[in-house]
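# Structural overview
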Amino acid sequence: MKQSFLSALENKYYYAVSRYFWHLVIALGILGIGAGILVYFWTLVPPKKQEVVKQAYPPKPEYPQLKEVSLEDIIRALPKKKIKKTTPVSTQTEEDYTPNNYQEEQEVVSIDSAALATFNRSLGQTKKLIAVENNKNFWEDTYVKKFNSERDKKMYKKTHDPSLYKLVLNHPGFKTRFINFTDNQKINSYYDKADLLDTYNLLLQHLDSLNRIKFIDRIGLKLPVRKLGTKEIYNRLSTISLLVDKVPAKEQLQLFNILWRFIKNNPNDGIPLIKYIADIINQVPYEVRMDFIKNILHEYIAHYNNNLYGLREATNHFMDKINNLERDRVPLALKIYYKLYRKNNRERARQIAQIDHDYNQKITTIDNEYQNALAQAQADYMQAKYQKQSWRQWSYKGIFAGFVSLLLFSLVLLIISMIRNVNRLTEAMYEQNHSFQNQLNRVLDSHVTSIQKNTQEHQNENTPKTSENTQNVDDN
C-alpha cells in the first residue's frame, strides 16, 4: 500500500514537474540558438562610419590699401647716367657639376632593341639641332694608332700592315660620351637615356646654335642627374628654357647658371618665379633683360623669401610704368622702385604678414580639427567593427553551447521519460497481476463452493437410504 502510494506520487507529480522543467530548459536552449543566429547575421552587417564634414574656410581678410610709387618718384630717384662696366661671363654654376673624368666598372646589361631605337630617334633630334656635317669633331669618335714597339712602327711605314698596330680611342664623340655619362649616373635603360636626351633637346631648341655645343660640353654632361633624378632635371631645364632664348646669345649660358643656382637655393618658389618672369619678360627691352632678371631675383632673395605673391604684386605695378622709362634704364629703375615700394609699404607689409599669419593659423586649425574628426570617426568605426567581430565569436560559442545543451537536456528528458514509462508499465503489470489474482481467487472460491455444495448434496442424497436400510434391519 505504501509503495503504491509513493509510485503514484512519483508518477503524478515528480515526473510531471521534471518533464515541464526540462521542456522549459530545452525551450530556453532553442531560444539561445535562435538568438545566436540573429546575433551572427547582425555582425555580418558592417557598422556605419560617421560622416565628417570639413568646416568651410573663412574668407580671407582684404589687405590694406597699397601705397603706390609714382613714375615721378622713380624718375626723380634715378641717378645720372654712368658708363657701365661689363662683367665677365661665367659658364659654371655654383652647384658642382661632377666632371665626367672617372671610370666605373659597369654591369653588363642586355640592350632592348625597342629601347635602343627610341634612343636613336632622340639622338636624331639632337643631330638636327647640332648639325653633323658642321660639327664632326663633336659627333665622331677619333682614334690614334698605337704600336707595340718602335720596330713595328718602322715596319708599318714600309709594309702598311694593319696587324702591326691597334686603334685606341683618342676623343669620344657625343654619343659615346653621353652613354658613358648616363652609365656613370646609373641610368642604364635606353628608355631613360632617351628621356634625358629629350630633356636636353628641349633646352637646346631655345639656345642659340653657337651655345648648344658649349652647353653640352660645359654643363650638360656634368649635371648631377643621379642626385636629382631625371624628373627634377626635366622640371628645371624645361623651366629655364622659357627664359634663355629671351636674352642675347652671349648671355644665355650665364643666365642658365644663374637660374639653375636660384632654383637650387629656392626649391619652393624658384620654378614658379622663373615662370612668372617668363610671362612678363617680353615687355622689357631686349638688351637689358639680363639685368632686369637679376634685379628681380635679388629682390626676392633679399626681401621676399617664400613670399612670391608679394613680389609679384610689387613687380606688376612697376610693369605698368615700364613704357614711360628709358629703355636702358629699366633695370636701375626697377631697383629704385623696389626700394621706394618697400619704404612706402613697410607698415602694410607688416599688416599683410600678420593677416597671412592669422589666416594660416585658422586654416591650420580647421585642417587639424578635420583630421582629428576623421581619425576619431575611423577609431569609432574600427571599435564598432571589432565589437561586432567579438559578438560574432560569442555567437559561435552560444550556438554551439545551445546545440550541446539541447542534446544533453533532450537525453536527460528521454531518460526520465523512459523511467516514467517503465514505472507505469510496472504499475500496469502489478495491477493486472492483482486483478488476475482476484479473478483467480474468485474462480477458486466459486469452484470450492461448488465442490462443497456438490458434496453436501451427495451427502444429503445418501443419508435417507441409510436410515431406511437401518430400519429394515431392525425390522428383521
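To start, this report covers the structure provided alongside it. Since we're looking at a predicted model, the values are computed, not measured.

### What about a positive patch on the surface?
A surface patch of positive charge is lined by K67, K339, K343 and R346. Tracing the backbone shows K67 in the loop between helix 1 (2-44) and helix 2 (71-77).

### Re the environment of D192
With respect to the helices and strands, the residue D192 is situated in helix 7 (residues 190-206). Each C-alpha atom of the pair D192 and A115 lies 8.8 Å from the other, and the pair is 77 residues apart in sequence.

### Some details on the side chain of R177
Within the fold, R177 resides in helix 6 (residues 174-184). Polar side-chain contacts of R177 include one of 3.0 Å to the side chain of D217.

### Examining the nonpolar core
Generally speaking, a soluble globular protein has its nonpolar side chains buried in company with each other. Ranked by size, the top nonpolar core spans 76 residues in total, and within it L273, F292 and F318 carry the most contacts. For this core, the leading source of residues is helix 11 (residues 252-265), giving 8 residues. When neighbours within four sequence positions are excluded, L273 is seen to be in contact with F262, I296, L297, Y300, L308 and L311.

### Quick word on the pattern of salt bridges
In the structure shown here, the tally under the stated rule is 9 salt bridges. Between K54 and D367 there is a salt bridge, and its shortest N-O distance comes to 2.9 Å. Here K54 is found in the loop between helix 1 and helix 2, whereas its partner D367 is found in helix 16 (residues 346-475), with 313 residues between them in sequence. With its nearest N and O atoms 3.3 Å apart, the salt bridge here joins E287 to R327. Here E287, found in the loop between helix 12 (270-280) and helix 13 (289-303), pairs with R327, found in the loop between helix 14 (308-319) and helix 15 (330-344); they are 40 residues apart in sequence, far enough to count as distant. Overall, R327 belongs to the partly exposed group, its relative accessible area being 49%.

### Thoughts on a nonpolar patch on the surface
A grouping of L411, L414, I415, M418 and I419 is seen on the molecular surface, where their side chains present a nonpolar patch of about 450 Å² in accessible area. Looking at where I419 falls in the secondary structure, it is placed in helix 16.

### Some points on the packing of aromatic side chains
Where two aromatic rings form a pair, the distance of their centres and the angle of their planes describe that pair. All chains considered together, the criterion is met by 14 aromatic pairs. Residues F138 and F174 carry aromatic rings whose centres are separated by 5.2 Å and whose planes lie at 20° to one another, so their mutual orientation is stacked. Placement of the pair is F138 in helix 4 (residues 136-139) and F174 in helix 6, with a sequence separation of 36 residues. Both residues of the pair, F138 and F174, count as buried. Note on F215 and F256: the rings are 5.3 Å apart at their centroids and 75° apart in plane angle, and the pair reads as edge-to-face. Of the two residues, F215 is situated in helix 8 (residues 209-218) and F256 in helix 11; the sequence distance between them amounts to 41 residues. The pair F215 / F256 is uniform in exposure class, with both members buried. One aromatic cluster in this structure is built from F119, F138, W139, F174, F178, Y190, Y200, F215, F256 and W260.

Thresholds applied
- Residues numbered from 1 in each chain as written.
- Predicted model: local features only at pLDDT ≥ 70, side-chain atom pairs only at ≥ 80, totals over all residues.
- Heavy atoms only, no water.
- Patch = residues over 30% accessible without salt bridge, like charges linked within 9 Å, V, L, I, M, F, W, Y side chains within 5 Å.
- Areas by Shrake-Rupley, 256 points an atom, 1.4 Å probe, with all protein chains shown as cover.
- Salt bridge = Lys/Arg side-chain N within 4 Å of Asp/Glu carboxyl O.
- Lys, Arg positive; Asp, Glu negative; His and termini not counted.
- Charge placed at Lys NZ, Arg CZ, Asp CG, Glu CD.
- Helix = DSSP H or I, 4+ residues; strand = E, 2+ residues; numbered from the N terminus.
- Polar contact = N/O pair within 3.5 Å; in protein donor to acceptor, adjacent residues only side chain to side chain.
- Core = buried A, V, L, I, M, F, W, Y, C linked by side-chain atoms within 4.5 Å.
- Buried < 20%, exposed > 50% of the residue type's maximum accessible area, 1.4 Å probe, protein only.
- Contact = heavy atoms within 4.5 Å.
- Phe/Tyr/Trp six-rings, centres within 6.5 Å; stacked < 30°, edge-to-face > 60°.

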